Amino acid sequence: MKILAIETSCDDTAASVLDNHIILSNIISSQYFHSKYGGIVPELASRAHLNVISEIVNQALDKSNSNINEIEVIAVTTEPGLHGSLVVGSNFAKGLALSNHKIIVPINHIEGHIYSALIDNRDLSFPFISLVVSGGHTALFKVDSYTNYELIGLTKDDAAGEAFDKIAKFIGLGYPGGPIIDKLAKNGDPNKYNFPRPMINEANFDFSFSGLKTSVRYFLQKHFDNNDFSNELNNIAASLQESIVDVLVNKSIKAAKHYGINSICVSGGVSANSRLRHKFHNSGDKYKVKSYFPNLEYCLDNAAMIGHLAYNKVMENSSKFKALNFTVNSRPIRAPKKV
Ligand code: KG4
Ligand code: ZN
């Protein structure tokens, strides 16, 4: 069964072709022009998707040596995300499905990230704790199967990636800030500055990162004349990264212990962070919890993870996916139950 998957929920236009669970192509076009605005401009994002979506889908088909007639299923991200961006991908997919008589499978982007860890970690099995951590989301889930999972923790304000991006903007680095801070931090001392670890000791699995950027700003204003911290950038980056990573690792392991689960999957853009990977592996050894990460190409937004989940949904019940009358839903994920 060949699947064409389309993902346009934020600022990446992505398409992928799979043959059952095998990924044949995974094409991503990223909208780098947002960096000059210091963040994503939604209206520009949807227009840019519109300009390239047809070309990206054709590239995904070509690279997989497939034509549209061989595709049986079209999968598309319909929630959550930027409304205009979701509409572009979803309407493109509906048009293709209608004109070529295909089954269409609407997919939740966060669920795509959750199950992306199963793409190439063949020894991973249910249940597992999933940390989805990106520019738009920071959430913990208890995952029992492809159809059954529970949201157990959520950020109360900013996502972890948003904290990296906003602090990087404030200290004059580019956008997105996460990869730049990751790189600078490699030459810095993570213990040089003791930035706060928000909510780390609270008896829940929630997060909060908006206060961190204020703390960092006040700290820098107080300790560096004329905001000149250029000689300390590596140490500031390493210390800031350490505080965010400590919270993410600590809360995820706490969740694993609470539920008696010994696998943690980490996905979403921030899961590309080298220090996060290192600390998860180290703490995993200490607490007897194994951590799993998708390959880098499936960590950031991509369509292969959307196709992967669609394949599993169709295998379970293909007759469910005939209707074209679904709509997009840009609303973020809901608040979790208290534990
Ligand atoms: O999943 P993603 O591509 O898009 C969504 O936000 O859904 O994630 C993008 C986020 C950005 O905030 C970016 O700064 C962060 O992931 N990011 C990183 C790294 N690579 C990307 N954060 C920390 N370290 C990295 N190496
Ligand atoms: Zn994402």
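Predicted model only: the values in this text are computed from it and were never measured.

*Asks:* Break down the site of ligand 1 for me, citing the residues and quoting the values.
*Replies:* Neighbouring ligand 1 are 19 residues; G135, D165, D182, G269 and N273 lie closest to it. In the environment of ligand 1, an oxygen atom lies 3.4 Å from a nitrogen or oxygen atom belonging to the side chain of S134. The side chain of D165 places a nitrogen or oxygen atom 2.7 Å from an oxygen atom of ligand 1. Coverage of ligand 1 by the protein amounts to 90% of the 560 Å² it exposes when considered alone. Across the shell around ligand 1, the residue classes tally to 6 nonpolar, 10 polar and 3 charged.

*Asks:* Describe the coordination of the zinc ion (ligand 2), naming the residues involved and giving the relevant values.
*Replies:* Distances from the zinc ion (ligand 2) to its protein donors, H109 (NE2), H113 (NE2) and D301 (OD), fall at 2.1 to 2.2 Å. Angles of 90 to 153° at the metal separate the 4 donor atoms of the zinc ion (ligand 2), which places the site in the irregular class. The motif formed by the donor residues of the zinc ion (ligand 2), counted along the single chain, is H-x3-H-x187-D. Of the two residues, H109 and H113 both sit in helix α3 (residues 109-116), 4 residues apart, roughly one turn of that helix. Summarising the burial analysis for this pair, H109 and H113 share the class buried.

*Asks:* Summarise the nonpolar core; cite the residues concerned and give the values.
*Replies:* By size, the foremost hydrophobic cluster in this structure holds 46 residues, and its most contacted members are F209, I244 and L248. If you list the elements that add at least two residues to this core, you get β6 (128-133), α4 (160-170), α5 (177-185), α6 (210-223), α7 (233-259), β9 (263-267) and α8 (274-287). Here this core gets 13 residues from one element, more than from any other, and that element is α7. Beyond its immediate sequence surroundings of up to four residues, L248 is in contact with L131, V133, T138, A160, F207, F209, V270, L276 and F280.

*Asks:* Let's hear about unusual backbone geometry: which residues, and what values?
*Replies:* P127 follows F126 through a cis peptide bond whose omega is -5°. For P127, the location among the structural elements is in the loop between α3 and β6. Residue P176 is bonded to the preceding Y175 through a cis peptide linkage, with omega at -5°. Positive phi, close to 55°, is recorded for N65, a residue that is not glycine. Looking at the secondary structure, you find N65 in the loop between α1 (42-63) and β4 (71-79).

*Asks:* A description of the pattern of salt bridges should follow, citing residues and the corresponding values.
*Replies:* As a working rule, side chains carrying opposite charge can pair if their charged atoms are close by. Inspection of every chain in the model, using the stated rule, returns 15 salt bridges. In this structure, the salt-bridge partner of E111 is K313, at a minimum N-O distance of 3.5 Å. Separated by 202 residues along the polypeptide, E111 in helix α3 and K313 in helix α10 (residues 304-316) bring together distant segments of the chain. A salt bridge links E232 to K192, with the nearest nitrogen and oxygen atoms 3.0 Å apart. Of this pair, E232 sits in the loop between α6 and α7 while K192 is found in the loop between α5 and α6, placing the two residues 40 residues apart along the sequence. Relative accessible area serves as the criterion here: at 15%, E232 is assigned to the buried category. With relative accessibility at 41%, the residue K192 sits in the partly exposed group. When salt bridges that share partners are traced, they join R197, E242, D246, R275 and K279 into one network.

*Asks:* Explain the side chain of N273 to me, and be specific about the residues and the numbers.
*Replies:* Checked against the element boundaries, N273 lands in the loop between β9 and α8. If near-sequence neighbours (up to four positions away) are discounted, N273 is found in contact with F164, D182, Q241 and V245.

*Asks:* A description of α10 should follow, citing residues and the corresponding values.
*Replies:* The end-to-end C-alpha separation of α10 is 19 Å, in line with the 18 Å expected for 13 residues at 1.5 Å each. When you tally the buried positions in α10, you get 10 out of 13 residues, the bulk of the element.

*Asks:* Could you give an account of the sheet that holds strand β3 (residues 22-30), naming the residues involved and the relevant values?
*Replies:* Taken in spatial order, the 5 strands make up an open sheet running β3-β2-β1-β4-β5, and their pairing is mixed. Each of the sheet's edge strands pairs with one partner strand only, and the pair in question is β3 and β5 (103-108). Pairs of neighbouring strands in the sheet enclose a mean axial angle of 20°, with direction left out of account. Of the pairings in the sheet, the one linking β4 to β5 comprises 6 bridges and is parallel in character.

*Asks:* Please set out the sheet that holds strand β10 (residues 290-292) residue by residue, giving values where relevant.
*Replies:* Judged by pairing direction, the sheet is mixed, and its 5 strands sit side by side in the order β8-β7-β6-β9-β10 without closing on themselves. Only two strands of the sheet have a single neighbouring strand rather than two, namely β8 (149-154) and β10. Sheet twist, expressed as the mean angle between neighbouring strand axes with direction ignored, is 25°. Inspection of the sheet shows β6 paired to β9 by 4 bridges, in the parallel sense. Considered in β9, the bridge of L131 is made with V266. Sheet strands in contact with α3 are β6, β7 (138-143), β8 and β9, and its direction is about 125° off that of β6. This element, α7, spans β6, β7, β8 and β9 of the sheet and lies at about 155° to β6.

*Asks:* Outline the state of the cysteines, listing residues and values.
*Replies:* Scanning the model with the defined rule gives 0 disulfides in all. Unpaired in this structure, C10 has its nearest cysteine sulfur neighbour in C299, at a distance of 16 Å. C10 gets classed as partly exposed once you look at its relative accessible area, which sits at 22%. This cysteine, C299, is not joined by any disulfide, and C265 carries the nearest cysteine sulfur, 11 Å off.

Reading the values: the criteria
Residues numbered from 1 in each chain as written. Chains lettered and ligands numbered in written order. Predicted model: local features only at pLDDT ≥ 70, side-chain atom pairs only at ≥ 80, totals over all residues. Heavy atoms only, no water. Near = heavy atom within 4 Å. Polar contact = N/O pair within 3.5 Å; in protein donor to acceptor, adjacent residues only side chain to side chain. Areas by Shrake-Rupley, 256 points an atom, 1.4 Å probe, with all protein chains shown as cover. Nonpolar A, V, L, I, M, F, W, Y, C, P; charged D, E, K, R; others polar. Donors = N, O, S within 2.8 Å, 3.2 Å for Na, K, Ca; no water. Tetrahedral: all angles 85-135°; square planar, octahedral: opposite > 155°, others 65-115°. Helix = DSSP H or I, 4+ residues; strand = E, 2+ residues; numbered from the N terminus. Buried < 20%, exposed > 50% of the residue type's maximum accessible area, 1.4 Å probe, protein only. Core = buried A, V, L, I, M, F, W, Y, C linked by side-chain atoms within 4.5 Å. Contact = heavy atoms within 4.5 Å. Salt bridge = Lys/Arg side-chain N within 4 Å of Asp/Glu carboxyl O. Expected span 1.5 Å × (residues − 1). Pairing = 2+ DSSP bridges. Axes fitted to C-alpha atoms, helices over the stretch in contact; angles between N-to-C directions. Disulfide = S-S within 2.5 Å.

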